[in-house]
Amino acid sequence: MTALAERNSWAAEGVDDLLKFSRKASQEEPQLVRTLRGHRGAVHGVAFSPTRRQLASTGGDGAVMLWSFGMRDEATRRERPTRAYRFEGHDGAVYCAAFRRDGRQLATGGADRTVRLWETRARGESRILRGHSGAVRAVAFSPDGTRLLTGADDKCVKVWSLPRRQFVCTLGASEL
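Residues numbered from 1 in each chain as written. Predicted model: local features only at pLDDT ≥ 70, side-chain atom pairs only at ≥ 80, totals over all residues. Heavy atoms only, no water.

**Side note on the overall build of the protein**
Working step 1: Regarding its fold elements, the protein presents 0 helices and 18 strands.
Working step 2: For the protein, the proportion of its 176 residues judged to be buried stands at 45%.
Working step 3: Of the contacts made within the protein by residues no fewer than 6 positions apart, 35% connect residues no fewer than 24 positions apart.
Working step 4: Roughly 9800 Å² of accessible area belongs to the protein as shown, and the carbon and sulfur atoms make up 45% of that amount. (Helix = DSSP H or I, 4+ residues; strand = E, 2+ residues; numbered from the N terminus. Buried < 20%, exposed > 50% of the residue type's maximum accessible area, 1.4 Å probe, protein only. Contact = heavy atoms within 4.5 Å. Areas by Shrake-Rupley, 256 points an atom, 1.4 Å probe, with all protein chains shown as cover.)

Okay, structure coming up:
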């Protein structure tokens, strides 16, 4: 899995238990910027925040890593260090992640058939959405951030209302 940001000039890719972060200038081949270590199992999913200052990774170890990139220190012309936050709560592998448009919330889905909504500024606090009968493989916020769509191995897409914190409907194969 790969996540792209800023007109495809930044890429993050999960390889085994590593997260490789690359930058591509114009038509050149991508150049490895750094390798991020933090997962204790395979990396299953990656997602850039809308600001591109954070990257979420999900893994087979049941963890969600939130990587906050340091900004460049103009006085020294060096980049400040990357900080990582480890979110735990899923029971089993975590497969997917998506940021809300404002970057303040992160949705993740996993083998435990749940979706978790993490507040990115409240390091590690989450709400749980239950309703799927199979592993959750996809999560996506609506453009206005009021709905969340989730897809799972149960062959259903579920729609959730975030302001009301409740399930709205299920879209099965016959509705698609």
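**Topic: the nonpolar core**
Working step 1: The biggest cluster of nonpolar side chains holds 13 residues, and the ones touching the most others in it are L117, V139, F141 and L148.
Working step 2: The set of elements that each furnish at least two residues to this core consists of β11 (94-99), β13 (114-119), β15 (136-141) and β16 (147-152).
Working step 3: Here the element with the most residues in this core is β15; it accounts for 3 residues.
Working step 4: With residues up to four places along the chain from it excluded, the contact list for V139 reads C96, A97, A98, A107, T108, G109, V115, L149 and T150.
Working step 5: Grouped together as the second largest cluster of nonpolar side chains are 11 residues, A56, F87, V94 and W118 included. (Core = buried A, V, L, I, M, F, W, Y, C linked by side-chain atoms within 4.5 Å.)

**Examining a positive patch on the surface**
Working step 1: Residues R83, R104, R121 and R123 make up a contiguous surface patch of positive charge.
Working step 2: Within the secondary structure, R83 is located in strand β10 (residues 83-88). (Patch = residues over 30% accessible without salt bridge, like charges linked within 9 Å, V, L, I, M, F, W, Y side chains within 5 Å. Salt bridge = Lys/Arg side-chain N within 4 Å of Asp/Glu carboxyl O. Lys, Arg positive; Asp, Glu negative; His and termini not counted. Charge placed at Lys NZ, Arg CZ, Asp CG, Glu CD.)

**Some words on the sheet that holds strand β18 (residues 166-171)**
Working step 1: Strand order in this open sheet of 4 strands is β15-β16-β17-β18, and the pairing throughout is antiparallel. Two strands close off the open sheet at either side, each with one partner strand: β15 and β18. Within this sheet the neighbouring strands show an average axis-to-axis angle of 20°, counted without direction. (Pairing = 2+ DSSP bridges. Axes fitted to C-alpha atoms, helices over the stretch in contact; angles between N-to-C directions.)

**Here's the deal with the pairing of β13**
Here is the key point about a regular strand: its side chains alternate between the two faces of the sheet.
Working step 1: With 5 of 6 residues buried, β13 lies mostly within the body of the structure.
Working step 2: Summarising the sheet, strand β12 (residues 105-110) and β13 pair through 5 bridges and their orientation is antiparallel. Following the sheet pairing, T108 is matched in β13 by R116.
Working step 3: Between β12 and β13, which follow one another and run antiparallel, lie 3 residues, and R113 among them has a positive phi close to 70°.

**Overview of the layout of surface pockets**
Working step 1: Empty space within the second largest pocket amounts to approximately 180 Å³.
Working step 2: Contributing to the lining of the second largest pocket are S49, T51, R53, Q54, S68, D102, G103, R104, T120, R121 and R123.
Working step 3: A breakdown of the residues in the lining of the second largest pocket according to their chemical character gives no nonpolar, 6 polar and 5 charged. (1 Å grid on protein atoms, 1.4 Å probe; cavity = no way out; pocket = protein on both sides within 12 Å on 5 of 7 lines; lining within 4 Å. Points joined across faces, edges and corners; volume = space filled by probe spheres on them. Nonpolar A, V, L, I, M, F, W, Y, C, P; charged D, E, K, R; others polar.)

**Side note on the sheet that holds strand β5 (residues 43-48)**
Working step 1: Read from one edge to the other, the open sheet built from 4 strands follows the order β5-β6-β7-β10, with strand pairing classed as antiparallel. The sheet is open, and its two edges are formed by β5 and β10, each paired on a single side. Within the sheet, the average angular offset between the axes of one strand and its neighbour, ignoring direction, is 20°.
Working step 2: Taken together, the 5 bridges between strand β6 (residues 54-59) and strand β7 (residues 63-68) define a ladder with antiparallel strand orientation. What sits directly across from Q54, in β7, is S68.

**Some thoughts on the pattern of salt bridges**
When charged atoms on two side chains of opposite charge get close, those side chains can pair.
Working step 1: Across all of its chains, the model carries 5 salt bridges by this definition.
Working step 2: Linking R86 and D61 is a salt bridge whose minimum nitrogen-to-oxygen distance equals 3.1 Å. With R86 in strand β10 and D61 in the loop between β6 and β7, the pair connects residues that are 25 residues apart, well separated along the chain.
Working step 3: For R86, a relative accessible area of 27% gives the class partly exposed.
Working step 4: A salt bridge links R127 to E119; its shortest N-O distance comes to 4.0 Å.
Working step 5: For R127, a relative accessible area of 23% corresponds to the partly exposed category.
Working step 6: Look at E119 and you get partly exposed, because its relative accessible area is 31%.
Working step 7: Linked through salt bridges whose partners overlap, the residues forming this network are D61, R86 and E88.

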